[in-house]
Amino acid sequence: MNTVVNISKASKSFGNVEALKEISFEVNEGELFGLIGPDGAGKTTLFRIMNTLLIPDSGSATVLGSDVVEDYKIIRPQLGYMPGRFSLYLDLTVEENIQFFASVFGTRLEENYDLVKPIYSQLEPFKNRRAGALSGGMKQKLALSCALIHKPKLLLLDEPTTGVDAVSRKEFWEMLASLKNEGITIIVSTPYMDEANLCDRVALIQKGEILQIDTPDKIVNSFKKPLFGIKSQNKYKLLQVLQNYQWTDSVHPFGEYIHYTDIRDKTSRETLDDYLHEQGISEVEIISIKPNIEDVFMALMSGEREGINE
Amino acid sequence: MNEVVISTTNLTRKFGDFTAVNNITFNVKKGEVFGFLGANGAGKTTAMKMLTGLLTPTSGNALVAGYDVYSGTEQIKKNIGYMSQKFSLYDDLTVEENIRFYGGIYGINKKELNQKIGEVIESVGLQSVRKKPVQSLPLGWKQKLAFSISILHRPKIVFLDEPTGGVDPITRREFWEKIYEISDQGITVFVTTHYMDEAEYCDRVSIMVDGRIEALNSPEELKKSYSSRSIEEIFIKLARSASRGQG
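Residues numbered from 1 in each chain as written. Chains lettered and ligands numbered in written order. Predicted model: local features only at pLDDT ≥ 70, side-chain atom pairs only at ≥ 80, totals over all residues.

Below, the discussion takes up the overall build of chain A. Helices and strands together make up the secondary structure of chain A, namely 10 helices and 14 strands. If one aligns the C-alpha atoms of chain A with their principal axes, the spans along those axes are about 70 × 45 × 40 Å. Across the 310 residues that make up chain A, the buried fraction comes to 44%. Counting only contacts in chain A whose residues sit at least 6 apart along the sequence, the fraction spanning at least 24 positions is 70%. (Helix = DSSP H or I, 4+ residues; strand = E, 2+ residues; numbered from the N terminus. Buried ≥ 20, exposed ≤ 12 C-beta atoms within 10 Å, placed from the backbone. Contact = placed C-beta atoms within 7 Å.)

Okay, the overall build of chain B next. Along chain B, the regular secondary structure elements total 9 helices and 10 strands. Taking 2.2 N^0.38 as the reference for a compact globule, 247 residues should give roughly 18 Å; the C-alpha atoms of chain B span a radius of gyration of 18 Å, in line with that estimate. Taking the principal axes of its C-alpha atoms as reference, chain B extends roughly 50 × 40 × 40 Å. Across the 247 residues in chain B, those meeting the buried criterion constitute 46%. Within chain B, contacts between residues separated by at least 24 positions form 68% of all contacts whose residues are at least 6 apart in sequence. (Rg over C-alpha atoms; globule rule 2.2 N^0.38 Å.)

We now examine the sheet that holds strand 3 (residues 33-38) of chain B. Residue and element names in this part refer to chain B. On the basis of which strands lie adjacent, the open sheet formed by 6 strands has the order 6-7-8-3-9-10 and mixed pairing. The sheet is open, and its two edges are formed by strand 6 (80-84) and strand 10 (212-217), each paired on a single side. Looking at each pair of strands side by side, their axes are set apart by 15 degrees on average, direction ignored. Strand direction decides the pairing type here: strand 3 and strand 8 (residues 188-192), joined by 3 bridges, are parallel. Each bridged residue has a counterpart across the sheet, and for Val33 the counterpart in strand 8 is Val189. Against the sheet, helix 9 (residues 231-240) makes contact with strand 3, strand 9 (204-209) and strand 10, and its axis sits at roughly 20 degrees relative to strand 9, the strand it touches most. (Pairing = 2+ DSSP bridges. Axes fitted to C-alpha atoms, helices over the stretch in contact; angles between N-to-C directions.)

Our focus in this paragraph is helix 8 (residues 235-243) of chain A. Lys235(A), Leu238(A), Leu239(A), Val241(A) and Leu242(A) are the residues of helix 8 of chain A that are buried. Buried positions in helix 8 of chain A, seen along its axis, are confined to an arc of 165 degrees and lie on one side of it. Contacts from the buried residues of helix 8 of chain A go to strand 11 (227-231), strand 12 (248-254), strand 13 (257-262) and helix 9 (269-278) of chain A together with helix 6 (169-184) of chain B. (Arc of directions from axis to C-beta.)

Moving on to helix 6 of chain B. An α-helical segment advances 3.6 residues per turn. Residues three or four places apart therefore align on the same side. Helix length check: helix 6 of chain B (16 residues) gives 23 Å between terminal C-alpha atoms against 22 Å at 1.5 Å per residue, within 8%. Every buried residue belonging to helix 6 of chain B is among Pro169(B), Arg172(B), Arg173(B), Trp176(B), Ile179(B), Ile182(B) and Ser183(B), and all of these are buried. Against the buried residues of helix 6 of chain B lie strand 12 and helix 10 (293-301) of chain A together with strand 3, strand 8 and helix 7 (196-199) of chain B. (Expected span 1.5 Å × (residues − 1).)

Grouped burial of nonpolar side chains is what soluble globular proteins tend to show. Met50(A), Leu142(A), Ile186(A) and Leu204(A) are the most contacted members of the largest nonpolar core, which totals 72 residues. By residue number, the principal contributor to this core is helix 5 (residues 136-148) of chain A, which donates 7 residues. When sequence neighbours within four positions are dropped, the list of residues in contact with Leu142(A) reads Leu88(A), Val94(A), Asn97(A), Leu123(A), Ala131(A) and Leu134(A). By size, the runner-up hydrophobic cluster in this structure holds 67 residues, among which are Ile6(B), Ile76(B), Val120(B) and Val134(B). (Core = buried A, V, L, I, M, F, W, Y, C linked by C-beta atoms within 7 Å.)

Further remarks concern the interface of chain A and chain B. Between chain A and chain B, the contact holds 35 residues from the first and 29 residues from the second. Mapped onto the side of chain A that touches chain B, the elements with two or more residues apiece are helix 5, helix 6 (166-181), helix 8, strand 12 and helix 10 of chain A. Residue composition of the side of chain A that touches chain B, by class: 17 nonpolar, 11 polar and 7 charged. (Nonpolar A, V, L, I, M, F, W, Y, C, P; charged D, E, K, R; others polar.)

What follows concerns unusual backbone geometry. Phi angles above zero are rare outside glycine, and Lys207(A) is one such case at about 50 degrees. Tracing the sequence through the fold places Lys207(A) in the loop between strand 9 (201-206) and strand 10 (209-214). The residue Asn10(B) is not glycine, and still its phi comes out positive at about 50 degrees. Checked against the element boundaries, Asn10(B) lands in strand 1 (residues 4-15). A count of 13 C-beta atoms within 10 Å places Asn10(B) in the partly exposed class.

What follows is about the sheet that holds strand 4 (residues 58-63) of chain A. Strand pairing in a sheet is mediated by backbone hydrogen bonds. Such pairs are either parallel or antiparallel. Residues and elements named next belong to chain A. Pairing in this open sheet of 4 strands is antiparallel, and the strands run 2-1-4-5 from one edge to the other. Strands with a single pairing partner mark the edges of an open sheet, and in this sheet they are strand 2 (17-28) and strand 5 (66-67). Direction of pairing for strand 4 relative to strand 5: antiparallel, over a ladder of 2 bridges. Within the sheet, the bridge partner assigned to Val63 lies in strand 5 and is Ser66.

With respect to the element layout, Gln240(A) can be found in helix 8. Taking the C-alpha atoms as reference points, Gln240(A) and Lys12(A), 228 residues apart in sequence, are found 41 Å from one another.

This part takes up the confidence of the model for chain A. If pLDDT is low for a region, its predicted coordinates should not be looked at in detail. Averaged over chain A, the pLDDT score is 91; the fraction of residues at 70 or greater is 97%. Predicted confidence is poor over residues 304-310 of chain A, with pLDDT under 50, and the contacts of this stretch with residues over four places away or in other chains come to 15 contacts. (pLDDT = per-residue confidence, 0-100.)

Quick look at the packing of helix 6 of chain A against helix 9 of chain B now. Following both chains from N to C, one finds helix 6 of chain A and helix 9 of chain B inclined at 85 degrees, their axes separated by 9 Å at the closest point. Taken together, the axes of helix 6 of chain A and helix 9 of chain B are roughly perpendicular relative to one another. The residues of helix 9 of chain B that touch helix 6 of chain A, namely those facing Ala166(A), Val167(A) and Lys170(A), are Glu232(B), Phe235(B), Ile236(B), Ala239(B) and Arg240(B). In terms of residue class, the contact of helix 6 of chain A with helix 9 of chain B is built from 5 nonpolar, no polar and 3 charged. (Parallel < 35°, antiparallel > 145°, perpendicular 65-115°, else oblique.)

Structure, rendered in structure tokens:
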């Protein structure tokens, strides 16, 4: 398998802020690779190094076989880049935007129409509308069409789904899956942990460092502690009681259940149930649950390392 | 406690031919955590603007914190808190200056304000950076600070517009603990979010589609009546039924 991106010990600081601390990873041809982490993790800095707009302070990076500093002119025409902040010309129409991006890359809409068709055809009814007057979901589709118009080998998408509702997010990921089938390598960043499952491999990233890098399945399987889901009518009281329990390892609200791990080697549901009853919490439901990416991310963040097999 | 702090009847707002909010009727109780969901463009922002006294309705009625949305907008603003992800703090003011600035706007007297500044800084854990400009803080800390400031004047209701977007998962949960805490103290929380797991933390959830409230109930009851495993499933089902042009 060919390596499309190879980052080796890349560091970058802005003043006193260390945005990236010796980050290394590789992305293979045809992969859908996710950079998962909150604001301030360093995701955008990493994208700007990969797209040759920013030079790392130390370390090196090659993209599509070329060095990002020496050979940026070779790399740029082969990239599609969708920045996190909206990148279109708001006072140009939908059609003018796509034609503009096509001409910058020396191509025409007609030439690569097949590739953008599934996405762009949804925009065609509005092709004379100014980009600024589109809804969030439609702007996102137009930006993706513009990033694709020159048939790039590598697509870099910086938080394409931030602030977008659950339905548009779902549709966007369906589009990425079909682009992957076209053979395009995709690197996408997101603060939504649940989107990690839709990637082939992900890097969990926080404060300029990679916490873990693997397939979503393997990451989830690295969580070795028994995980309980606990539910009761008064969530706030339940949360407080669990936080004050002497055997508590971690306790995090998670939708309708609270996710709980214990510092003892063996804990039964009965033990927990007894404790909660003692504390005056009734109608408790306790189940064993499978961890998800967010559980792992939080465990890595709080350095609850004993639960993680690295 | 069954005191109603927000009540709307057929509240409507049109922009030209376009009906952004279409006859919404609902009540929110004191101390309730009320989740206000909807797809982008469903009408949430317009509805929130009317409830916070920033936009006059086209028709219908609403009382917020006991005041009328037509005639009592200034009283409403004094009795509510508001925090949005996009703007809340002044980046070039320090932590302490931001608290002092907002305290001044809400008319808190100097003596009380000095005490409150200490309380807020301690509760958010910002002792070491109180003299630093806000722009130097990580997003999660900023959001917690903005939240504390939005309840500085002990409002009856606090409106939170996507308060946790982009925040790391631990801070996101700490944020929700703060929401539970103030709801426990009787402050009503009116919150929007794109994280569907957060919808499950609310006492009741409403889902807007095409300007109407299409569903409203506790997360548990909603899941029962839609035979769904999660609010996310229901949300996607309802939002997909939207007929409003996406353009």
